[in-house]
Amino acid sequence: MVTHVPAEAQGDERGALLNFVEAQRGAIRRSVLGLTEEQAASRPSASELSLSGLLKHVAETELNWLRMAQQLPNERQRTQETWADSFRLVDGETIPDLLAFWGTVAKETEEFIRSAQSMDDTFPLPEAPWFPKDGRVSLRWLLLHLVEEIGRHAGHADIVRESLDGKGAFDLVAEEQGGDRGA
């Protein structure tokens, strides 16, 4: 972690977990900082992943988990046929559009979590071979999973960005703050 995650108010578990989710989101957002759409869509490493594809994937993944927790239909639900589109920009999508979309999802996630009665509230997992039959998870689990999911992809983004132009996470934090890494 190259940024300090702000401490929560004493005993504010929700705040602590939301701060850690936001820290991982920040790493993904910084990975596209200063890039053109073409640069962000490129695949400069051995991986099939691009930075804009990772951005889209984590935004849609957070929305999917939020909708599951809310027990509402996901307006961007993927099918087997459209799964690959969750890792690439299509139909005129742009990085600013995705950042705005994800910002809306992030705000909705925070509002949902803060309005819940308890972090112990649960919701059902969908039927899938990797989930237990009739499985349920808590809102606490949801936030921990978002830290894990977004964090995994933030690591991918670090490697892709460094492969693209040599800028590492510390460089991007400094750039975002308007300074120089050595300053």
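Provided above is the structure to which this section pertains.
Structural notes, computed from the coordinates.

Thoughts on the overall build of the protein
Here is step 1: When helices and strands are tallied, the protein shows 6 helices and 2 strands.
Here is step 2: The N-to-C order of helical and strand elements in the protein reads α-α-α-α-β-β-α-α.
Here is step 3: A compact globule built from 183 residues should have a C-alpha radius of gyration of about 16 Å, and the protein, at 17 Å, falls within 12% of that.
Here is step 4: For the protein, the spread of C-alpha atoms along the three principal axes comes to 45 × 45 × 25 Å.
Here is step 5: Across the protein, every contact between residues at least 6 apart in sequence was considered, and the portion connecting residues at least 24 apart equals 68%.
Here is step 6: Here the protein holds 19 positive side-chain charges and 31 negative ones, and the gap between their average locations is 1 Å.

Details of the pattern of salt bridges
Here is step 1: Overall, the coordinates contain 20 salt bridges when judged by the stated rule.
Here is step 2: Arg30 is the salt-bridge partner of Glu176, the closest N and O atoms lying 3.3 Å from each other. With Glu176 in helix 6 (residues 169-176) and Arg30 in helix 1 (residues 13-31), this pair connects stretches of sequence that are 146 residues apart.
Here is step 3: Overall, the relative accessible area of 8% leaves Arg30 in the buried class.
Here is step 4: When the shortest N-O distance is used, the salt bridge between Glu108 and Arg67 registers 2.6 Å. One end of the pair, Glu108, is in helix 4 (residues 95-115); the other, Arg67, is in helix 3 (residues 51-70), and 41 residues separate them in sequence.
Here is step 5: When salt bridges that share partners are traced, they join Glu22, Arg25, Arg29 and Glu62 into one network.

As for unusual backbone geometry
Here is step 1: With a phi close to 60 degrees, Gln71 is a non-glycine residue in the positive phi region.
Here is step 2: Along the chain, Gln71 falls in the loop between helix 3 and helix 4.
Here is step 3: At Asp91, a position not held by glycine, the phi torsion is positive, near 50 degrees.
Here is step 4: If you trace the backbone, Asp91 turns up in the loop between helix 3 and helix 4.
Here is step 5: Looking at Asp91, the relative accessible area reads 81%, which means it is exposed.

Quick word on the packing of helix 1 against helix 4
Here is step 1: Relative to each other, helix 1 and helix 4 sit at 170 degrees, their axes nearing to 11 Å. Here helix 1 is positioned roughly antiparallel relative to helix 4, judged by the angle of their axes. Where helix 1 approaches helix 4, its residues Arg14, Gly15, Leu18, Arg25, Ile28 and Arg29 are matched on the opposing element by Leu99, Trp102, Ala106, Thr109, Glu110, Ile113 and Arg114.
Here is step 2: Partitioning the contact of helix 1 with helix 4 into residue classes produces 6 nonpolar, 2 polar and 5 charged.

Considerations on helix 1
Here is step 1: For helix 1, built from 19 residues, the straight-helix expectation of 27 Å at 1.5 Å per residue is met to within 8% by its first-to-last C-alpha distance of 28 Å.
Here is step 2: By the criterion of burial, helix 1 is predominantly enclosed, with 14 of the 19 residues buried.

Observations regarding the packing of aromatic side chains
Note on aromatic pairs: each is described by the distance of the centres and the angle between the planes.
Here is step 1: The full count for this structure, using the stated rule, is 5 aromatic pairs.
Here is step 2: For the pair Trp65 and Phe123, a centre-to-centre distance of 6.4 Å together with 70 degrees between the ring planes defines the contact as edge-to-face. Taken together, the positions of Trp65 in helix 3 and Phe123 in strand 1 (residues 122-124) put the pair 58 residues apart, joining distant regions of the chain. Of the two residues examined, Trp65 and Phe123, each falls in the buried class.

Quick notes on the rules
Residue numbers run consecutively from 1 along every chain, following the written order of its sequence. Residue-level local features of this predicted model are given only where pLDDT is at least 70; pairs of side-chain atoms are given and counted only at 80 or more, and the full residue set underlies all totals for whole chains, interfaces and linings. No hydrogens and no water enter the side-chain calculation; it runs on all heavy atoms of the structure. Under the DSSP-based scheme used, a helix requires at least four consecutive residues in state H or I and a strand at least two consecutive residues in state E, with every element numbered from the N terminus. In this treatment the radius of gyration is a C-alpha quantity, and the globule benchmark scales as 2.2 Å times the residue count to the 0.38 power. Here, two residues are considered to be in contact whenever any of their heavy atoms come within 4.5 Å of each other. Within this scheme the basic residues Lys and Arg register as positive and the acidic residues Asp and Glu register as negative, but His and the chain ends are omitted. By convention, the charge on Lys lies at NZ, on Arg at CZ, on Asp at CG and on Glu at CD. Within this document, salt bridges are pairs made up of a side-chain nitrogen of Lys or Arg and a carboxyl oxygen of Asp or Glu, the two lying within 4 Å of each other. In this scheme, a residue with accessible area under 20% of its type's maximum is buried, one over 50% is exposed, and one in between is partly exposed, where area comes from a 1.4 Å probe on protein chains only. Fitted lines through C-alpha atoms give the axes, limited to the stretch in contact for helices. The angle between two N-to-C directions lies from 0 to 180 degrees. Here the word oblique covers every angle except those under 35 degrees (roughly parallel), over 145 (roughly antiparallel) and from 65 to 115 (roughly perpendicular). Throughout this entry, Asp, Glu, Lys and Arg are counted as charged residues, while Ala, Val, Leu, Ile, Met, Phe, Trp, Tyr, Cys and Pro are counted as nonpolar. The remaining residues, Gly among them, count as polar. Expected helix span is taken as 1.5 Å per residue step, with the number of steps being one fewer than the number of residues. The criterion for an aromatic pair is that two Phe, Tyr or Trp rings (for Trp, the six-membered ring) have centres within 6.5 Å, with stacked assigned to planes under 30 degrees apart, edge-to-face to planes over 60 apart and tilted to the rest.

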